[in-house]
Amino acid sequence: MRTVRSPQMWRKQLRALIIKEFKQIMRDPSSYIVAGILPIVFLLLFGYGVTLDISMLNIALIDESNSVSSRQIVNSFINSPSFTVLPAQNRAQAERMFRDARIKGIVVIRQDFGNAVDRGTPAPIQVLMDGSDPNTANFINAYVHGVIGAWQLSLLPAEQKMGITVEARYWYNPSAQSHLFLIPGSITIIMTLIGTLLTSLVFAREWERGTMEALFATPVSRIQILLGKLIPYFVMGLLSLAICTFAAGFLFVVPFRGSWWV
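For every chain, the first residue of its written sequence is number 1, and the numbers climb from 1 along that sequence. Per-residue local features of the predicted model are confined to residues with pLDDT of at least 70, and side-chain atom pairs are confined, for both listing and counting, to 80 or more; whole-chain, interface and lining totals are unaffected and use all residues. The side-chain figures draw on all heavy atoms in the structure; neither hydrogens nor water molecules are used.

Enquirer: Please clarify how the overall build of the protein should be interpreted in this entry.
Expert: The way it works is that DSSP assigns letters per residue, a run of H or I at least four long becomes a helix, a run of E at least two long becomes a strand, and they are numbered from the N terminus. Within the protein one finds 9 helices and 4 strands. Scored against the burial criterion, the 262 residues of the protein give a buried share of 31%. Put simply, of all contacts in the protein between residues at least 6 apart along the chain, 76% involve residues at least 24 apart. The method behind every accessible area is Shrake-Rupley, applied with a 1.4 Å probe, and residues are considered shielded solely by the protein chains displayed. Just so you have it, the protein exposes about 17200 Å², and 62% of that area is on carbon and sulfur atoms. Each residue is placed in one exposure class: buried if its accessible area under a 1.4 Å probe, protein chains only, is under 20% of its type's maximum, exposed if it is over 50%, and partly exposed if it falls in between. What makes two residues a contact is simply this: any of their non-hydrogen atoms within 4.5 Å.

Enquirer: Can you walk me through helix α4 (residues 91-99) in this structure?
Expert: An α-helical turn contains 3.6 residues, so a residue and the one three or four places further along point in the same direction. Two or three places before A92, at the start of α4, stands the capping residue N90, its side-chain oxygen 3.3 Å from that residue's backbone nitrogen. Looking one or two residues past α4, A101 carries a phi angle of roughly 60°, positive in sign. By the criterion applied in these results, polar contacts are pairs of N or O atoms within 3.5 Å in which, for protein atoms, one can donate a hydrogen and the other can accept it, and in which residues neighboring in sequence qualify only through two side-chain atoms.

Enquirer: Quick question: what am I supposed to make of the pairing of strand β1 (residues 57-63) here?
Expert: With 5 of 7 residues buried, β1 is to be regarded as a mostly interior element. As defined by bridge partners, β1 adjoins strand β2 (residues 83-87) across 5 bridges and the pair is classed as parallel. If you follow A60 over to β2, its bridge partner there is L86. Crossover handedness is defined by viewing with both strands directed away from the observer: a clockwise path from the first strand over the helix to the second marks the crossover as right-handed. Assessed by its sense of winding, the connection that carries the chain from β1 through helix α3 (residues 68-78) to β2 is right-handed. Sheet analysis places β1 next to strand β3 (residues 105-109), joined by 5 bridges and oriented parallel. In the sheet register, D63 faces β3, and the bridge partner there is I109. Pairing between two strands is assigned when DSSP locates at least 2 bridges connecting them.

Enquirer: When you look at the confidence of the model for the protein in this model, what are you seeing that I'm missing?
Expert: Caution applies to low-pLDDT parts of the model: their predicted coordinates are not meant to be read in detail. Per-residue confidence from the predictor is reported as pLDDT, which spans 0 to 100. The predicted model of the protein has a mean per-residue pLDDT of 81, with 90% of residues at 70 or higher. The secondary-structure element of the protein with the lowest mean pLDDT is helix α8 (residues 211-217), recorded at 75, while β3 shows the highest, at 89.

Enquirer: Can you help me understand the layout of surface pockets in this one?
Expert: By rolling a water-sized probe across the atoms, one finds the places where empty space is left. Roughly 730 Å³ of volume is contained in the largest pocket. Breaking the lining of the largest pocket down by element, the ones donating at least two residues are α7 (179-209) and α9 (222-250). With 8 residues, α9 is the largest single contributor of residues to the lining of the largest pocket. Put simply, Ala, Val, Leu, Ile, Met, Phe, Trp, Tyr, Cys and Pro go in the nonpolar bin, Asp, Glu, Lys and Arg in the charged bin, and everything else, Gly too, in the polar bin. Split by residue class, the lining of the largest pocket holds 19 nonpolar, 5 polar and 1 charged. If you add up the space inside the second largest pocket, you get close to 330 Å³. With a 1 Å grid laid over protein atoms only, a set of points is called a cavity when a 1.4 Å probe fits there but cannot get out and a pocket when it is open yet has protein on both sides within 12 Å along at least five of seven lines; lining residues have an atom within 4 Å of a point. Contributing to the lining of the second largest pocket are 15 residues, with F113, A123, I148, W151 and Q152 lying nearest its centre. Grid points are joined across faces, edges and corners, and a volume is the space filled by probe spheres set on the points.

Enquirer: For this particular structure, what's the right way to read the pattern of salt bridges?
Expert: Pairing between side chains of opposite charge can happen when their charged atoms approach one another. Should a side-chain nitrogen of Lys or Arg be within 4 Å of a carboxyl oxygen of Asp or Glu, the pair is scored as a salt bridge. This structure, assessed with the given rule, holds 3 salt bridges. Ionic pairing is found between K20 and E21, a salt bridge with its closest N-O pair at 3.3 Å. Exposure remark for E21: the relative accessible area of 1% places this residue in the buried category. Here K229 ties to E21 by a salt bridge, and the two come within 2.9 Å at their closest N and O atoms. Here K229 is found in helix α9, whereas its partner E21 is found in helix α1 (residues 7-27), with 208 residues between them in sequence. Classification of K229 by relative accessible area gives buried; the value is 2%. One salt-bridge network, held together by shared partners, links K20, E21 and K229.

Enquirer: I keep staring at the packing of α1 against α9 and nothing clicks. Help me out?
Expert: Think of two packed helices as two axes; the pair is described by the angle between the axes and how far apart they sit. Axis angles are defined between N-to-C directions and span 0 to 180 degrees, where every axis is a line fitted to C-alpha atoms and, for a helix, only to the segment in contact. Interhelical geometry of α1 versus α9 gives an angle of 45° and a closest axis separation of 9 Å. Taken together, α1 and α9 sit at an angle that is classed as oblique. As α1 runs across α9, the sense of the crossing is right-handed. Facing α1, whose interface residues are W10, Q13, L14, L17, I18, K20, E21, F22 and I25, α9 presents I223, Q224, I225, L227, G228, K229, I231, P232, Y233, V235 and M236. Looking at the contact of α1 with α9, its residues break down into 14 nonpolar, 3 polar and 3 charged. Our angle categories are set so that under 35 degrees counts as roughly parallel, over 145 as roughly antiparallel, 65 to 115 as roughly perpendicular, and the remainder as oblique. Put simply, a crossing is left-handed when the front helix is turned counterclockwise from the back one by less than a right angle, and right-handed when it is turned clockwise.

Enquirer: Would you mind showing me how to read the environment of V107 here?
Expert: Along the chain, V107 falls in strand β3. Measuring from C-alpha to C-alpha, the distance between V107 and A60 comes to 6.2 Å, with 47 residues separating the pair along the chain. Filtering out sequence-adjacent residues up to four positions away, V107 remains in contact with I59, A60, L61, I62, F77, I125, Q126 and V144.

Take a look at the structure:
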């Protein structure tokens, strides 16, 4: 026979289950570890272990032409703030440096480069990059094109140079630092892991101790049992989120924009 309970009794039973679960949390040190320490560990791993920023790229430069034009390009690469140029005598030495991971790319100025520039014909420059790291390869490709483009622009007479300047601005991440968007995304992943761990551990522990069967024998519904388990650990999850948010702001200096209440 199904027992009819008043809403007031239903709320009292649910409150009793929630209070019981909070007392269980206070007696169980593993809950503090999962909710308090593990988020910080994950955030440190994601924050310091994952980065997309490229500061200085080591490349080898081979000048087979040894002409006036090629030496100008070599100086452009040496003076570039994006590259650290390691000289190589030949391709074999550059490839050996590539295999030893001392460099990220090879720039080869071919032997007929100077003559091609003097004749006004296309003078190709070969750029070799590591395809196993596409992000770094794309940076090298873009920076090499930038250095060569600046050198070509310097060859034009003053009357042919157009007074056009391009001003680029990053929205939402003005400093273009990867940790400013990796850290908030990492918090989402961390909270998914923490929420799953908190709830799965408590249910598994209840079954191991045999207390889940005792709960089923009490005059409470399945919804009350589920809410009694989820609500306390949802509060613990909010505590973990607060810890991650403050750590992101103070450790990684990620600016907070928006409502703290939300």
